[in-house]
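The lines below spell out each chain.
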Amino acid sequence: MTAYDYDVVYIGSGHGTFDGAMPLAAKGKRVAVIEADKVGGTCPNWGCNAKILLDAPVALQHTLRASNGIVSGDGKIDWAKNKAHKQAAIDVIPDALTSGMEGSGITMYYGAGSLVDAHTVKVNDEQLTAENIVLATGLRPRKLDVDGTELTHDSKDFMDLDEMPKELVIVGGGYIGVEFATMANAADANVTLVLHGDQALRGFHQPYVEQVLADLEARGVKILRNQEVKGFAEVDGGVEVALSDATLSADWVLDATGRQANVEDLGLENLGIQASDKGIEVNEYLQTAVPSIYASGDVIDKEQPKLTPTAQFESQYLMHRFAGESDAAIDYPVIATNVFTTPRIAQAGVTVEAAQADPDTYTIQENDHNGNWYRAVDYEQDAKITLIFNQDKQLVGATEISERAEDTINALLPAIEFGYTPEQLERLVYIFPAIAFDAMTQL
Ligand SMILES: Cc1cc2nc3c(=O)[nH]c(=O)nc-3n(C[C@H](O)[C@H](O)[C@H](O)COP(=O)(O)OP(=O)(O)OC[C@H]3O[C@@H](n4cnc5c(N)ncnc54)[C@H](O)[C@@H]3O)c2cc1C
Ligand SMILES: NC(=O)c1ccc[n+]([C@@H]2O[C@H](COP(=O)([O-])OP(=O)(O)OC[C@H]3O[C@@H](n4cnc5c(N)ncnc54)[C@H](O)[C@@H]3O)[C@@H](O)[C@H]2O)c1
């Protein structure tokens, strides 16, 4: 028994914390969690869960229209009802998570936490001591540093809209820019998507990205490339958006130019912990420069994608370390990613671009799903998958563009992560007809 109040104190209550903190407390460790806002953090409240609820009617509308009259109706989305449904579904999550954490034996504190020393955290007027401390404070939206930036909104504001604005300008061609352009267009907004450079969704297979952008344009989204945002001004109750090559009029502007780490008010400098807007620097054990202070989730400065399953993996890694079950360095698995547009783009493992750069090591195979009878079930029109194999004919990477890309790549993920041999693949007897079965027939 140590002299500390707790074995571990976490600052932040998102996936970077709770997926590991709950089993850790259930193992008998004394755990406290400090949260300054909604319990559960970004993902349930204003990230993945909120977004996928709003997106579901968008995907449904797309399928309905692709059905060519087999299912009738115009598929019009009532945004107010969509938002209300989303809200009702997620409003229960913070309380459910709080009960889950308290039920596992965690003590919850509400307020902004900060570091006092290597083993002490302050919240409100209280000081808590702990053998180890985990910083899991996540990211917040970045704001463009131009005149009138206060007239713009962020992804959280978008997901709280009761009514979809008529003229919408979205700045930024990352996940949020392209996903939210898809949703707003489906809900009848006139959307202009402003890209800084020539490309959107860097890191994804560009021919598939261009196909998504072309689909958006065919549905009426205007895409402006190579634009510098000069500033925003209030005009006639709306917003004028000054770009390098154009001036746009908008009812509402979404700044989707990225997210920055919540590192400013944690007292890092006093303890010599290095951090920037990209996050906190950690070693291969997720330890900061102070060995008793760790970081987890989006707030880590890292190469891995800043996603919920990554945060979950890190919090579970730390759980095993704090429970004394492992002292190994973190060994990240293959992390699958998906852009929730219509169609979607998903990928995992070695990218097409990396495989193209190393033809002696990799073989690339693209399968066009046109003519694949199973894809007609979802009225797919232009779906494709690209598979990357190593010299032993094992699958090492895959990317797909389709309405069901996330499910296909999820189905292929174990083969990529564990390097299944053709003999092992033969032993996987999947349900038929189903997307996972179809995914395996691609190999
Ligand atoms: C619009 C949007 C859509 C997304 N969609 C997806 C998706 O589809 N799939 C996916 O995998 N990922 C998605 N993500 C990313 C995902 O939400 C994050 O990767 C995930 O939430 C990271 O969890 P975290 O615990 O590291 O951080 P967070 O969930 O951000 O949690 C950090 C918590 O720390 C709290 N906090 C901050 N400072 C303090 C302090 N000083 N004291 C106390 N508490 C503090 C915050 O209030 C917050 O609750 C999306 C993100 C956004 C913004
Ligand atoms: N499907 C998903 O998994 C999903 C969905 C949404 C968000 N997220 C996560 O949320 C985080 C943030 O997403 P995001 O889309 O805000 O960030 P991002 O970093 O993916 O994209 C930011 C975009 O803004 C552009 N940009 C930067 N400066 C600009 C400028 N001055 N003018 C115009 N454009 C500019 C960049 O070129 C980039 O395209 C990421 O960590 C992501 O992993 C994930």
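It should be emphasised that the depicted structure is a prediction, and the values quoted were computed from it without experimental measurement.

What counts and what doesn't
Residues numbered from 1 in each chain as written. Chains lettered and ligands numbered in written order. Predicted model: local features only at pLDDT ≥ 70, side-chain atom pairs only at ≥ 80, totals over all residues. Pairing = 2+ DSSP bridges. Helix = DSSP H or I, 4+ residues; strand = E, 2+ residues; numbered from the N terminus. Axes fitted to C-alpha atoms, helices over the stretch in contact; angles between N-to-C directions. Contact = placed C-beta atoms within 7 Å. Near = placed C-beta within 6 Å. Nonpolar A, V, L, I, M, F, W, Y, C, P; charged D, E, K, R; others polar. Domains from an automatic or database assignment. UniProt positions renumbered as here; feature names shortened; annotations may be inferred. pLDDT = per-residue confidence, 0-100. Buried ≥ 20, exposed ≤ 12 C-beta atoms within 10 Å, placed from the backbone. Left-handed = near helix turned anticlockwise from the far one by under 90°. Core = buried A, V, L, I, M, F, W, Y, C linked by C-beta atoms within 7 Å.

**Some thoughts on the sheet that holds strand β14 (residues 252–255)**
Ordered by their spatial adjacency, 4 strands build an open sheet running β10-β9-β8-β14, and the pairing between neighbours is parallel. Of all the strands in the sheet, the pair left with one neighbour each is β10 (222–224) and β14. Neighbour-to-neighbour, the strand axes of the sheet open up by a mean angle of 20°, direction not taken into account. Relative to β10, strand β9 (residues 190–194) is paired through 3 bridges, and the arrangement is parallel. By the bridge assignment for β10, L193 is matched with I223. Of the strands in this sheet, β8 (167–171), β9 and β14 touch helix α7 (residues 175–186), which is tilted by about 170° from β9.

**Notes on the site of ligand 2**
Around ligand 2 lies a shell of 22 residues, among which G172, G174, Y175, I176 and H196 are the nearest. Counting only elements with at least two residues in the shell around ligand 2, the list comes to α7 and β19 (337–339). The leading source of residues in the shell around ligand 2 is α7, at 4 residues. Of the residues that constitute the shell around ligand 2, the class distribution is 10 nonpolar, 9 polar and 3 charged. When residues are assigned to domains, the shell around ligand 2 turns out to be shared by domain 1 (6–141 + 260–322) and domain 2 (149–257), each giving three or more.

**Brief notes about the UniProt feature "binding site: NAD(+)" (unreviewed entry) in the chain**
The UniProt entry lists G172, G173, G174, Y175, I176, G177, V178, E179 and G258 under the feature "binding site: NAD(+)" (unreviewed entry), expressed in the numbering used here. The named residues occupy 87 residues along the chain; their greatest pairwise C-alpha distance, 13.4 Å, places them in one compact cluster. With respect to the secondary-structure elements, E179 resides in helix α7. Excluding residues within four positions of it along the chain, E179 makes contact with K51, V339, F340 and T341.

**Thoughts on the confidence of the model for the chain**
Per-residue confidence for the chain gives a mean pLDDT of 97, with 100% of residues at or over 70. Within the chain, the lowest mean pLDDT, 91, falls on helix α13 (residues 422–426), and the highest, 99, falls on strand β18 (residues 293–295). For this predicted complex, the interface score ipTM comes out at 0.98, alongside a pTM of 0.97.

**Examining the UniProt feature "binding site: FAD" (unreviewed entry) in the chain**
The UniProt entry lists K51, G113 and D298 under the feature "binding site: FAD" (unreviewed entry), expressed in the numbering used here. Look at the named residues: they lie 248 residues apart in sequence, and the longest C-alpha span between them is 27.9 Å, so in the fold they stay spread out. Within the secondary structure layout, G113 lies in strand β4 (residues 113–117). Contact partners of G113, with chain neighbours within four places excluded, come to I11, I34, V121, K122 and V123. Along the chain, the position of D298 falls in the loop between β18 and α10 (308–322). Taking the C-beta count within 10 Å as the criterion, D298 has 30 such neighbours and is therefore assigned buried. Not counting residues up to four positions away in its chain, the partners in contact with D298 are G16, G138, L139, K306 and A311.

**Re the site of ligand 1**
Taken together, 37 residues form the shell around ligand 1, and within it G12, G14, G41, G138 and G297 come nearest. Elements supplying a minimum of two residues to the shell around ligand 1: α1 (15–26), β2 (31–35), α2 (42–46), α3 (48–66) and α10. In the shell around ligand 1, the residues fall into 15 nonpolar, 16 polar and 6 charged.

**Concerning the domain arrangement of the chain**
The accessible area lost on association of the parts is a frequent measure of interface size. On domain assignment, one finds that the chain holds domain 1 (6–141 + 260–322), domain 2 (149–257) and domain 3 (343–440). Once you take the C-alpha centre of each, domain 2 and domain 3 turn out to be 31 Å apart. Each side of the interface is counted separately: domain 2 has 6 residues, and domain 3 has 9 residues. Class assignment for the residues of the side of domain 2 that touches domain 3 results in 4 nonpolar, 2 polar and no charged.

**Considering the packing of α3 against helix α4 (residues 79–91)**
Remark: α3 packs on α4, axes separated minimally by 9 Å, with the N-to-C direction vectors making an angle of 145°. Pair α3 / α4 crosses with right-handed handedness. For the pair α3 and α4, the contacting residues are N49, A50, L53, L54 and P57 in the first and N82, H85, K86, A89 and I90 in the second. Class assignment of the residues belonging to the contact of α3 with α4 gives a composition of 6 nonpolar, 3 polar and 1 charged.

**Points about the nonpolar core**
Grouped together as the largest cluster of nonpolar side chains are 72 residues, with contacts concentrated most on I170 and L412. For this core, the leading source of residues is α7, giving 8 residues. Not counting residues up to four positions away in its chain, the partners in contact with L412 are A348, L395, A398 and A439. Counting 46 residues, the second-largest nonpolar core is a separate cluster that includes I11, L24, I293 and I300.

**Some remarks on the sheet that holds strand β21 (residues 363–368)**
The sheet built from 5 strands is open, its strands ordered β19-β20-β23-β22-β21 with antiparallel pairing. Looking at which strands have only one partner, the edges of the open sheet turn out to be β19 and β21. Taken pair by pair, the neighbouring strands of this sheet meet at an average axis angle of 10°, ignoring direction. Two strands pair when backbone bridges link them, and β21 and strand β22 (residues 384–389) are joined in this way by 6 bridges, in the antiparallel orientation. Bridge assignment links N367 to a residue of β22, and that residue is I385.

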